Amino acid sequence: MRSSSPLPKMSRRGRVTIAVLVGVFVLFTLLGWGVQAWTDWLWFDEVRYTEVFTGVLLTRLLLFLAIGLGMAVIVAGNLWLAYRLRPRLRPHSVEQATLERYRMVLSPRLGTWIALTAVVIGLFAGLSAQSRWNQWLLFRNGGDFGVKDPEFGVDIGFYVFQLPFWRYLLGIGFTAVVLALIGALAVHYLFGGVRLQGVGDRMTNAARAHLSSLVAAFVLLKAVAYVLDRRAMLLEYNEGAKLYGAGYADVNALLPAKEILAYISIVVAIAIIVFSNAWMRNLVWPGISLALLGVSAVAIGGIYPWAVQTFEVKPSAKDKEAPYIQRSIDATRAAFGLAATETTAYAANNLTPPANLATDTSVVSNVRLLDPQLVSETYTQLQQVRGFYDFGPKLDIDRYGVNGKVSDYVVGVREINYGELTDQQNTWINRHTVYTHGFGLVAAPANQVVCGGQPFFVSGFLGERTQEACSSQTEQIPAKQPRIYYGERMAPGDYAIVGQSDPNKKAEFDRPVGEGGGESYTYTGEGGVKIGSFARRLLYAIKEQETNFLLSEAVNKDSKLLYVRNPRDRVEKVAPFLTLDGDPYPAVVDGRVQWIVDGYTTAATYPYAERVNLQTETTDELTNRGTFQLARENVNYMRNSVKATVDAYDGTVKLYEYDDTDPVLKAWNKAFGGDLVLPKADIPVELTEHLRYPADMFKVQRNLLTKFHVTNPGDFYSAQDFWQVPNVPDAPDSGQKQPPYYLFTQFPGQESPRFQLTSAVTPNGRQNLAALISGSYVEGKPRLEVLELPDQTRISGPVQVHQQMTNNANIRQQLNLLSSNQAQVQYGNLLSLPFADGMLYVEPVYVKSNQQDAYPLLQKVLLSYGDGGSFVALADNINDGIKQLVEQGKRAGAATPPPTTGGNPTTPSPTTTPTPPAPGGEAPPLTGELATAAERVQTAITEVRAAQTSGDFERYGRALKALDEALTAFQQAQQAATPAGTPSGSAAPPSPSGSPSAGTGG
């Protein structure tokens, strides 16, 4: 008698309905995937990087199949084996009677159920594996670094290229064994191999052998894990030293413990198989073996290292951890390119503006006054012409040689901003076939303003210039092809359809001419995917979900589609293995506007190196204001290995090797055929002139140098000499870090002015200046330099200087006049410039009206020299400000210490005007020790003035004490220089010519 199925049968109509729905779902899924793959292929073919498309696609497909199939075979094989090992006879019990109904359902189609389970598991395993394509390519193509780790003597290449994929494969192995064990146990239980009730053994011999073998395989994998963990220890965080890498307890306790546990795991795996099958044939001793392995892991791998750390390391951590701290310092400096940093001591002991400030041609003449962030609004208002043009929220700094002189320029590209189109303009035809491109690279010298504070524009003009004084009458930076089809303002959906069959029909708006008019243009570049055929139009109609590709007459047989138009997105698609800098910048190279994008190769497995988060380390005031925020990627190795360019007209992408020693880039280049990245020798000379030290790389290096400039392990452990990056000077409470700034200037020790990225740092927890860090290129090589000030320097840091300058009584009064209910004062970059053993600070002051469409105008320049509070000026321009500082310095240099009274030095009140020279002629000039003592007194007076201005009472007290000591020393020198019988008052020098506040006027 045929038994009825325990499950009701589905009707034929229901089965057909489900089949149709599944078919439709699969069809649309495959159609979407196929359209995406086909259009991607066409795009890569356009930019001539099909090897990237095919390389990544094939690698992902092979990993999907290999890992997915391997996982499916292991799971399915063990499920099938468990079924084959089922007992033929099962004792009668309530448990078995209950399971019988499930066996009746599964047994007729058991192969189908096993295959379905394996396919699902393999599918998820394959999807996980295909995302590891980058690890596999590095695993297969990586080489040696030529540097060995300090513990095992293994080449760094093993950790960067091999270890990540080995750990992934180990994880796959664990997953496969666990899933196979769970599945096999379920099948054995279902078919009676494992029982919870009934007489006799609870497990058949066959089931015991099968399951114990899987457990033994798991334990063997654990032994392999212990071996890899020994290597991975060099990547872990050392809590004792607050650094990455194995410390004293790790090397002396945990490292041998891992080795012992590996051997124990092998013994336990053998014991499980032997005791379970060959000898006692029960699970008691295998269970005991597993328990012993767990106890050993806790005792040997946990308690013992903890005891060493607690009782041996902590009481003398500074000495115990010293060798391992040194390893971390050396590895971090090597991994992030800090090893070659040149550190130079800078005395910064000159607090008086020198006379040669007024005649300098290397620093003062190149001071940048235009702030790229603030003048972006000015560029937009003065050079926009049409509302749909845009320069973005931040401009860029570059240098050009004009009329035989190299200077830095603030540059911006006049792009189309589709978000600014009016409702009437924002139709599909207008958006994608008419307003297709911007026009011109607009530049202005960074140290020059005209016409009431406006930039002096020298390029990127749309038409005639009527105001001769406000802009150049000729293109000083000419571009043969000024049209901008690819730019930073382009979003992913901002595609353009260009090209015409009729040469007389020009549909694209080119540039405005006259009052409300404009010229038209037809794209003639090589860029773009041809969409003239019906098949291509249908393809992109599906991709963009837009029927106009098929219906509009604007799409013709000669049409091309331009998409992925953001230069950073194009480079990222062509080189998905690179981390890209967040600030691409434009440059005119050989008459064409080129976007330059810096590419980084990174790794997260460099032994002993500090691990940083790129997003955290590169975030500052300018993040997301014309720059792109980096992803939250943790790395401990970083190189600026690639300089990429994107042609703004035809979208051509080129990748140039810049660090020809980077093993990671060599591995990637090999993975994609060996010629993906062009050699460094192929970089055009004119392009080389516009390459600059990348901002995000510099931020990471600068932040690391705040700690890793200390190379002595003991000093590093005490952390007394650490630095910090100051907050934004004009908004310190915002918590935002001061961004580094590009300057064309000459620092001490440099032979000539360089285009360099600079940043000031302060001591940790204090506000005075600690050092200046700069990054530049010298003969095509990156160079990091540090000007380190003495520990007890009196030079103020950026935040202090801004407060001292703006709180000066005279300057505050003038600033209040600039700001009112109708206007607001905005501060530009506060520049720190070392000069003549002192520090010159320059901060431009902009005024922006509150009226609609107003833009900032440079009205004043704040300057300070010395410690930030003694010599300050607010002038209309940089030259006038320098003259004021020099004049203040001359007055201070002419001042001399006050006379003494009754043999004891009298400390003058800093608010009292000292006594002028006695009648009867000028005092004789001071010489020798007396002159030295007088100079010391003058320096002390300057410090008193600065301390009074700063409002720091502790500093003020120290300054008064120093002045008292200086006066005592002057009195002793005066007595030693006075001949016997000469009245003591006759040798007294003239007193200072004014109160301390006199030197701070504007």
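Criteria and thresholds
Residues numbered from 1 in each chain as written. Predicted model: local features only at pLDDT ≥ 70, side-chain atom pairs only at ≥ 80, totals over all residues. Heavy atoms only, no water. Helix = DSSP H or I, 4+ residues; strand = E, 2+ residues; numbered from the N terminus. Contact = heavy atoms within 4.5 Å. Areas by Shrake-Rupley, 256 points an atom, 1.4 Å probe, with all protein chains shown as cover. Disulfide = S-S within 2.5 Å. Buried < 20%, exposed > 50% of the residue type's maximum accessible area, 1.4 Å probe, protein only. Core = buried A, V, L, I, M, F, W, Y, C linked by side-chain atoms within 4.5 Å. Pairing = 2+ DSSP bridges. Axes fitted to C-alpha atoms, helices over the stretch in contact; angles between N-to-C directions. Phe/Tyr/Trp six-rings, centres within 6.5 Å; stacked < 30°, edge-to-face > 60°. Lys NZ or Arg CZ within 6 Å of the ring centre and 35° of its normal. 1 Å grid on protein atoms, 1.4 Å probe; cavity = no way out; pocket = protein on both sides within 12 Å on 5 of 7 lines; lining within 4 Å. Points joined across faces, edges and corners; volume = space filled by probe spheres on them. Nonpolar A, V, L, I, M, F, W, Y, C, P; charged D, E, K, R; others polar. Salt bridge = Lys/Arg side-chain N within 4 Å of Asp/Glu carboxyl O. Parallel < 35°, antiparallel > 145°, perpendicular 65-115°, else oblique. Left-handed = near helix turned anticlockwise from the far one by under 90°.

### Here we look at the overall build of the protein chain
Each helix and strand in the protein chain was counted, giving 26 helices and 34 strands. Residue pairs at least 24 apart in sequence account for 69% of intrachain contacts in the protein chain once pairs closer than 6 positions are excluded. Accessible area of the protein chain: about 45300 Å², with a carbon and sulfur share of 55%.

### Here we look at the state of the cysteines
Enumeration according to the criterion identifies one disulfide in this entry. Put simply, C451 and C470 are joined by a disulfide, and their sulfur atoms are 1.8 Å apart. The sign of the S-S torsion, about -105°, decides the handedness of the disulfide formed by C451 and C470: left-handed. With C451 in the loop between β10 (449-450) and β11 (454-455) and C470 in the loop between β11 and β12 (483-484), this pair connects stretches of sequence that are 19 residues apart. Accessibility expressed as a relative area gives 32% for C451, which makes it partly exposed.

### Some details on the nonpolar core
A general feature of soluble globular proteins is that nonpolar side chains tend to end up buried together. One finds L655 and L840 to be the most contacted residues of the largest nonpolar core, which totals 205 residues. In terms of residue count, the dominant contributor to this core is helix α6 (residues 156-190) (16 residues). Beyond its immediate chain neighbours, meaning those up to four positions away, L655 contacts Y49, V571, V574, A575, V642, K643, A644, L676, V677 and L678.

### Some points on the sheet that holds strand β5 (residues 396-402)
The strand order across the open sheet built from three strands is β5-β6-β9, with neighbouring strands paired in antiparallel fashion. The open sheet has two free edges, formed respectively by β5 and β9 (441-445), since each of these has just one partner strand. Each strand of the sheet is rotated relative to its neighbour by a mean of 45°, with strand direction disregarded. Relative to β9, strand β6 (residues 405-413) runs antiparallel, the two sharing five bridges. The partner of V413 across the bridge, within β9, is L441. Here helix α12 (residues 375-383) sits on the sheet in contact with β6 and β9, set at roughly 120° to β9.

### Details of the packing of aromatic side chains
All told, the structure shown has 41 aromatic pairs when counted by the stated rule. For the ring pair Y485 and Y523, a centre distance of 4.7 Å and an interplane angle of 65° mean the geometry is edge-to-face. Linking Y485 in the loop between β12 and β13 (496-498) with Y523 in the loop between β15 (517-521) and β16 (529-530), this pair joins segments that are 38 residues apart in sequence. Take Y485: its relative accessible area is 0%, and that puts it in the buried class. Members of the aromatic cluster, joined through ring pairs, are W136, F139, F165, W166 and Y168. The ring of F152 has R231 lying over it, and the distance from NZ or CZ to the ring centre is 4.5 Å. When the ring centre of Y585 is taken as origin, the NZ or CZ atom of R692, which lies over that ring, is 3.9 Å away.

### Here's the deal with empty space enclosed by the protein
Applying the stated criterion across every chain, the model contains two cavities of 30 Å³ or more. As a volume, the second largest cavity reaches approximately 60 Å³. Along its surface, the second largest cavity is lined by E342, T344, F747, P748, Q750, L772, S774, E785, V786 and L787. Secondary-structure elements contributing two or more residues to the lining of the second largest cavity are β3 (342-345), β28 (771-778) and β29 (781-788). Of the residues forming the lining of the second largest cavity, the biggest block, three residues, is contributed by β29. Residues belonging to the lining of the second largest cavity are distributed by class as follows: five nonpolar, three polar and two charged.

### A look at the pairing of strand β31 (residues 831-835)
Along β31, five of the five residues are buried, which leaves the element largely enclosed by surrounding structure. As paired strands, β31 and strand β32 (residues 838-849) are joined by five bridges and run antiparallel to one another. Note that in β32 the partner of L831 across the bridge is V842. Between β31 and β32, which pair antiparallel in sequence order, lie two residues; one of them, A836, sits at a positive phi of approximately 55°.

### Some words on the side chain of S376
Examined against the element boundaries, S376 turns out to sit in helix α12. With residues near it in sequence (within four places) discarded, S376 still touches F391, G392, P393, K394 and L395.

### What about the sheet that holds β16?
Read across the sheet, three strands follow the order β13-β17-β16 without closing on themselves; strand pairing throughout is antiparallel. Because the sheet does not close on itself, it has two edges, and the strands there are β13 and β16.

### A short note on the pattern of salt bridges
Under the criterion given, the structure shown has 28 salt bridges. With a shortest N-O distance of 3.5 Å, K557 and D558 are connected by a salt bridge. K557 gets classed as exposed once you look at its relative accessible area, which sits at 63%. Judged by relative accessible area, D558 falls into the partly exposed class, the value being 36%. Among the charged side chains, a network of salt bridges with common partners joins K394, D396, D583 and R692.

### Describing the packing of helix α11 (residues 322-335) against helix α20 (residues 695-708)
Following both chains from N to C, one finds α11 and α20 inclined at 160°, their axes separated by 11 Å at the closest point. The angle between α11 and α20 falls in the class roughly antiparallel. For the element pair α11 and α20, the recorded crossing hand is left-handed. In this structure, α11 contributes S328, I329, T332 and R333 to the contact, and α20 contributes L704, L705 and F708. Per-class residue counts for the contact of α11 with α20 are four nonpolar, two polar and one charged.

### A closer look at the packing of helix α2 (residues 50-84) against α6
As a packed pair, α2 and α6 sit with axes 8 Å apart at the nearest point and diverge in direction by 25°. Compared by their axis directions, α2 and α6 come out roughly parallel. For the pair α2 and α6, the crossing hand works out as right-handed. Of α6, the residues touching α2 (which contributes L63, I67, M71, I74, V75, N78, L79, A82 and Y83) are F165, Y168, L169, I172, T175, A176, L179, A180, G183, A184, V187 and H188. Among the residues making up the contact of α2 with α6, the classes are represented as 17 nonpolar, four polar and no charged.

### Here's the deal with the environment of G157
Within the element layout of this structure, G157 appears in helix α6. Sequence spacing of G157 and G143 is 14 residues, and the spatial spacing of their C-alpha atoms is 6.0 Å.

Take it as geometry only, folks, not as evidence of what the structure does.
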